[in-house]
Amino acid sequence: FIDERTRTIILSLEQESYHPVAFAIRKYWPQSNRIIITDRKEQLGRGVSGTVDNNFYELVHNQESKDETYLSIALLENGETICLLYFETPLRKEVPDSILTLKNKNYSCFLLTGDTSVAAEKIGHLCHIPDRSIFSSLKPYEKKEIIQRFKNTCMIGDGSNDALALQTADIGIAVKGSTFINLQAADIYFTRGGLSPLIELFELSKKTKRVLITNLSFSLIYNTIGGLLALMGFVSPMLAAILMPISSFIIIASTLWGFR
């Protein structure tokens, strides 16, 4: 049981945070009151802290938790734990199938998370990710270092701890519910949650590449032949003026057909 005052302190500490834990807390306790927090600070990978009535409070990851299945958050008052919160992140139904689809397309998939090894392995196994590709209990800079080991990387994240990794990856993707710092660091933003938009993005990128190659090839051949015929005197200026809009129409029609 968490008393009303403790609940109010937790909510007041998290009221301006964009961390997924803060969203969960505000959703679960939507009607509770707020109090003024002085000297409030939020550190990436650490937590939030502030002062209430000359008492210093911290909301941080509970390093002493023995249950690694859940994310444990501790509320400290002047350095002493007075409350523990436990969180479980449910896996979206379509994620395992999305990961399997990516692997079948020869993409290498990795799981980088700040969660415990037990929680990470549980999610990783459900998503068909081998143990060697699961990295847990990571700090923001550690995620960045792992991404720097590879080439042609794509990082997807929604938490503040993912901002460095998103900026480091060749393509950084922030998903629905991401923090503001993530939106600044990412190249792409998904307005829908889950990984299904990623599959659609890859398909769209391949389709775009095919259309560009087709259109550029046609333009090169068309203009080369037209230029040679004009130089040889087989094409009059009037005929050239007629053929040019026809080529533009063919390019537009090819683009529409390619993205049908």
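Scroll up to find the structure.
Not measured: the values here are computed from a predicted model.

Colleague: How would you summarise the overall build of the chain if you had to cite specific residues and measurements?
Modeller: Looking only at helices and strands, the chain has nine helices and 10 strands in total. Here the C-alpha atoms of the chain give a radius of gyration of 27 Å, more than 25% beyond the 18 Å that 2.2 N^0.38 yields for 260 residues. On the principal axes, the C-alpha backbone points of the chain span a range of 90 × 40 × 30 Å. Evaluated residue by residue, the chain yields a buried proportion of 35% over its 260 residues. Within the chain, contacts between residues at least 6 apart in sequence are counted, and of these 39% link residues at least 24 apart. A total of about 16,500 Å² of accessible surface is found on the chain, and carbon and sulfur atoms cover 58% of it.

Colleague: How would you sum up the packing of helix H1 (residues 4-14) against helix H2 (residues 20-28)? Please name residues and give values.
Modeller: Contact geometry for H1 and H2: axes closest at 10 Å, N-to-C directions at 135 degrees. The orientation of H1 with respect to H2, classified from their angle, is oblique. Crossing of H1 against H2: the hand is left-handed. Listed contacts from H2 to Ile10, Leu11 and Glu14 of H1 are Val21, Ala22, Ile25 and Arg26. For the contact of H1 with H2, the class distribution of residues is five nonpolar, no polar and two charged.

Colleague: Let's hear about helix H3 (residues 95-104): which residues, and what values?
Modeller: Regarding H3, the residues found buried are Val95, Pro96, Ser98, Ile99 and Leu102. Seen along its axis, H3 keeps its buried residues to an arc of 160 degrees; they face one direction. Among the exposed residues of H3, those pointing more than 90 degrees away from its buried face are Asp97 and Asn104. In this structure, the buried side of H3 is in contact with helix H4 (117-126) and helix H8 (196-231). Positive backbone phi, approximately 70 degrees, marks Asn106, located one or two places after H3.

Colleague: If you had to explain the packing of aromatic side chains to someone new, which residues and values would you point to?
Modeller: Within the structure shown, the criterion is met by four aromatic pairs. A centroid spacing of 4.7 Å and a plane angle of 20 degrees characterise the contact between Tyr107 and Phe202, whose relative ring orientation is stacked. Pair noted here: Tyr107 is in the loop between H3 and strand S6 (111-112) and Phe202 is in helix H8, with a separation of 95 residues, a long-range link. By relative accessible area, Phe202 is classed as buried at 16%.

Colleague: Could you give an account of the layout of surface pockets, naming the residues involved and the relevant values?
Modeller: The space that makes up the second largest pocket amounts to roughly 230 Å³. The set of elements that each furnish at least two residues to the lining of the second largest pocket consists of H8 and helix H9 (237-258). It is H8 that contributes the most residues to the lining of the second largest pocket, seven residues altogether. Looking at side-chain class alone, the lining of the second largest pocket contains eight nonpolar, three polar and no charged residues.

Colleague: Can you explain the nonpolar core? Please cite residues and give values.
Modeller: As a rule of thumb, soluble globular proteins bury nonpolar side chains together. In terms of nonpolar packing, the biggest core is built from 18 residues, with Ile10, Leu13, Ile25, Trp29, Leu59, Leu75 and Leu85 touching the most fellow members. Where this core is concerned, the elements lending two or more residues are H1, H2, strand S2 (47-52), strand S3 (55-61), strand S4 (71-77) and strand S5 (80-87). Tallying contributions element by element places H1 first for this core, with four residues. With residues up to four places along the chain from it excluded, the contact list for Ile25 reads Ile10, Leu11, Glu14, Leu59, Leu85 and Phe87.

Colleague: Explain the sheet that holds strand S9 (residues 171-174) residue by residue, including any values.
Modeller: Pairing is parallel in the open sheet, where three strands are placed in the order S8-S9-S10. What marks the edges here is a single partner per strand, and that holds for strand S8 (154-157) and strand S10 (188-189).

Colleague: Run through the packing of H8 against H9, naming residues and quoting values.
Modeller: Relative orientation of the contacting elements H8 and H9 amounts to 165 degrees, with a least axis distance of 9 Å. With respect to their mutual orientation, H8 and H9 come out roughly antiparallel. Regarding H8 and H9, the two cross each other, and that crossing is right-handed. Residues Lys207, Val211, Thr214, Asn215, Phe218, Ser219, Tyr222 and Asn223 of H8 form the contact with H9, whose participating residues are Leu243, Met244, Ser247, Ile250, Ile251, Ser254, Thr255 and Gly258. In terms of residue class, the contact of H8 with H9 is made up of seven nonpolar, eight polar and one charged.

Colleague: For the pattern of salt bridges, give the residues involved together with the corresponding values.
Modeller: Scanning all chains against the criterion turns up seven salt bridges. With its nearest N and O atoms 3.5 Å apart, the salt bridge here joins Glu42 to Arg40. A salt bridge links Glu94 to Arg92, with the nearest nitrogen and oxygen atoms 2.9 Å apart. A residue is classified by how much of its surface remains accessible, and Arg92, at 44% relative accessible area, is partly exposed.

Here is what the cut-offs are and how they apply
- For every chain, the first residue of its written sequence is number 1, and the numbers climb from 1 along that sequence.
- In keeping with the model being predicted, local features are shown solely for residues with a pLDDT of at least 70 and side-chain atom pairs are shown and tallied solely at 80 or more, while totals for entire chains, interfaces and linings include all residues.
- Side-chain descriptors were evaluated using all non-hydrogen atoms of the structure, hydrogens and water having been removed beforehand.
- Secondary structure counts use DSSP, requiring at least four H or I residues in a row for a helix and at least two E residues in a row for a strand, with both numbered from the N terminus.
- For this measure, only C-alpha atoms enter the radius of gyration; the expected value for a globule follows 2.2 Å times N^0.38, where N is the number of residues.
- Here's how the labels work: a residue is buried when its accessible area is under 20% of the maximum for its type, exposed when over 50%, partly exposed in between, all with a 1.4 Å probe on protein chains only.
- Here a residue-residue contact requires only that any non-hydrogen atoms of the pair lie within 4.5 Å.
- Throughout, the Shrake-Rupley method with a 1.4 Å probe supplies accessible areas, and for residues the shown protein chains are the sole cover considered.
- A fitted line through C-alpha atoms represents every axis, and for helices the fit uses only the stretch in contact; the resulting angles, taken between N-to-C directions, go from 0 to 180 degrees.
- Under this scheme an angle from 65 to 115 degrees is roughly perpendicular, one under 35 degrees roughly parallel, and one over 145 degrees roughly antiparallel; angles in between are oblique.
- Each crossing gets its handedness from the near helix: less than a right angle anticlockwise from the far helix is left-handed, clockwise is right-handed.
- Amino acid classes used here: Ala, Val, Leu, Ile, Met, Phe, Trp, Tyr, Cys and Pro are nonpolar; Asp, Glu, Lys and Arg are charged; the rest, including Gly, are polar.
- Of all possible arcs, the one meant is that of the directions from the helix axis to the C-beta atoms.
- Pairing of aromatic rings covers Phe, Tyr and Trp, the last through its six-membered ring, and needs centres within 6.5 Å; plane angles under 30 degrees mean stacked, over 60 mean edge-to-face, and all others mean tilted.
- For cavity detection a 1 Å grid was placed over the protein atoms alone, and a set of points counts as a cavity when a 1.4 Å probe fits there but cannot get out; an open set counts as a pocket when protein lies on both sides within 12 Å along at least five of seven lines, with lining residues being those that have an atom within 4 Å of a point.
- Grid points are joined across faces, edges and corners, and a volume is the space filled by probe spheres set on the points.
- Residues enter a nonpolar core if they are buried and are Ala, Val, Leu, Ile, Met, Phe, Trp, Tyr or Cys, with the set joined through side-chain atoms within 4.5 Å.
- In this description, strands pair whenever DSSP reports at least two bridges between them.
- Put simply, a salt bridge is a Lys or Arg side-chain nitrogen that is within 4 Å of an Asp or Glu carboxyl oxygen.

What is shown is where atoms sit, not what they do.
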